[in-house]
Amino acid sequence: MTRKIIFLDIDGTLLDYENKLPKSAVYAIRQARKKGHLIYVCTGRSRAEIQRDIWEIGIDGMIGGNGAYVEHHNKVIMHQLIPLKEAKHIVDWLHERGLEFYLESNNGLFASEKFHEVARPVMRIYSMRQGKRTEEVADLEVEDALHGLVYGGPLYRDDLNKVSFILRDYQDHLESIIEFPNLEANTWGGRGETALFGDLGVKGVTKVHAIDVLLEHLQADKKDTIAFGDAKIDIPMLDYCNLGIAMGNGGPEILAMADMVTDDVEEDGLYKAFKKLGLI
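Residues numbered from 1 in each chain as written. Predicted model: local features only at pLDDT ≥ 70, side-chain atom pairs only at ≥ 80, totals over all residues. Heavy atoms only, no water.

### What to know about the pattern of salt bridges
Summed over all chains, the structure comprises 17 salt bridges. With a closest N to O distance of 3.2 Å, glutamate 104 and lysine 162 form a salt bridge. On the criterion of sequence distance, the pair formed by glutamate 104 in strand E6 (residues 101–105) and lysine 162 in strand E9 (residues 160–166) is long-range, its members being 58 residues apart. No difference in accessibility class separates glutamate 104 from lysine 162, as the two residues are buried. (Salt bridge = Lys/Arg side-chain N within 4 Å of Asp/Glu carboxyl O. Helix = DSSP H or I, 4+ residues; strand = E, 2+ residues; numbered from the N terminus. Buried < 20%, exposed > 50% of the residue type's maximum accessible area, 1.4 Å probe, protein only.)

In structure tokens, the structure reads:
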């Protein structure tokens, strides 16, 4: 088989909803790499949020910050950052509105003053939307869901991939679009007015653009790409790559457009797809 370049979303694709890495996924990735295939995580997370057991699998690199950062074999291929002037503007605007936030950097997730307190119930709701039961999230702390959080660090920073902030209501997101026309404004944690967070990042940054940058660096062809994902934000990546695989636990939109649907992340979906595709 020709060498394939494989892109894996993390949450709900590589990791299950308890943030655990299935042993079958580790086996599949290691076997595929032994056969010469290249494997990258492709995620909204920044590098500081990539837990150690993912790196210990032996992946070839990552696309992070929804496309702001590209790494291959520990070498940075691309890194697009929010300019310091704009970063200060974001922090000041969020403070003025009384919105709690965290700044997403490869050096850590730098939380605002009251983020821990305000985010606790929000992250419990987020975890329940990912399939956890009420009793399972009763003792959940913010740090269980967001890895790499730093409290008390400087908030005016020049190393930011993006910024996430807790929405009081959807209007906060709509006003962020107006306030920051030179940035990319999105939401996560729910559709439309059910969204829990807004986020702000570099304009024009996408996973698709980052994949293009990596393919050019590798001198590889798009026809050899395979993407795995479970969420609406993964749809452009699945659509762009030669083969797009949706996890069985994915939302209805991605299930409808995928070239193939595998089993649930908790039912060895990644391993089964690798096996079916002849990657292992």
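### Description of the domain arrangement of the chain
Here the domain parsing of the chain yields domain 1 (5–80 + 205–277) and domain 2 (84–202). For domain 1 versus domain 2, the distance between C-alpha centres works out to 23 Å. Across the contact, 19 residues belong to domain 1 and 18 residues belong to domain 2. Buried area between domain 1 and domain 2, summed over both chains or domains, comes out near 1500 Å², and the portion from carbon and sulfur atoms is 47%. Broken down residue by residue, the surface that domain 1 buries against domain 2 is led by Tyr17, Ala48 and Glu49, which jointly contribute 32%. Summed over the shared surface of domain 1 and domain 2, the result is 0 salt bridges. Here domain 1 is connected to domain 2 by 4 residue pairs in polar contact (both at pLDDT 80 or more). (Domains from an automatic or database assignment. Contact = heavy atoms within 4.5 Å. Buried area = accessible area lost by both parts, 1.4 Å probe. Polar contact = N/O pair within 3.5 Å; in protein donor to acceptor, adjacent residues only side chain to side chain.)

### Observations concerning the layout of surface pockets
The probe, sized like a water molecule, is rolled over the atoms to show the empty space still left. What the largest pocket holds in volume is close to 1400 Å³. Around the largest pocket, the lining is made up of 50 residues, and of these Tyr126, Gln130, Trp188, Gly189 and Ala231 lie nearest the centre. When its residues are assigned to classes, the lining of the largest pocket shows 13 nonpolar, 19 polar and 18 charged. Two domains each put at least three residues into the lining of the largest pocket: domain 1 (5–80 + 205–277) and domain 2 (84–202). Within this model, the second largest pocket holds a volume of roughly 330 Å³. Contributing to the lining of the second largest pocket are 19 residues, with Asn66, Asn186, Val205, Thr206 and Ile233 lying nearest its centre. Elements with a minimum of two residues in the lining of the second largest pocket: E9, strand E10 (183–188), strand E11 (197–202), helix H8 (207–218) and helix H9 (235–240). Top contributing element to the lining of the second largest pocket by residue count: E11, with 4 residues. Of the residues that constitute the lining of the second largest pocket, the class distribution is 8 nonpolar, 6 polar and 5 charged. (1 Å grid on protein atoms, 1.4 Å probe; cavity = no way out; pocket = protein on both sides within 12 Å on 5 of 7 lines; lining within 4 Å. Points joined across faces, edges and corners; volume = space filled by probe spheres on them. Nonpolar A, V, L, I, M, F, W, Y, C, P; charged D, E, K, R; others polar.)

### Digging into unusual backbone geometry
Of note in the backbone geometry, asparagine 74 takes a positive phi value of approximately 70 degrees without being a glycine. The exposure class assigned to asparagine 74 is exposed, which follows from its relative accessible area of 67%. Non-glycine residue aspartate 268 carries a positive phi angle of around 60 degrees. Here aspartate 268 lies in the loop between strand E14 (260–261) and helix H11 (269–276). Judged by relative accessible area, which is 34%, aspartate 268 ranks as partly exposed.

### Some details on the sheet that holds strand E2 (residues 38–42)
Spatially, the 8 strands line up as an open sheet ordered E5-E4-E3-E2-E1-E12-E13-E14, and their pairing is mixed. Among the strands making up the open sheet, the edge pair consists of strand E5 (75–79) and E14. Bridge analysis of strand E13 (residues 243–246) against E14 gives 2 bridges, and the strand direction is parallel. Residue pairing in the sheet places isoleucine 245 in a bridge with methionine 260 of E14. Here H8 sits on the sheet in contact with strand E1 (5–8), E2, strand E3 (61–64), strand E4 (69–72), E5 and strand E12 (225–229), set at roughly 135 degrees to E5. (Pairing = 2+ DSSP bridges. Axes fitted to C-alpha atoms, helices over the stretch in contact; angles between N-to-C directions.)

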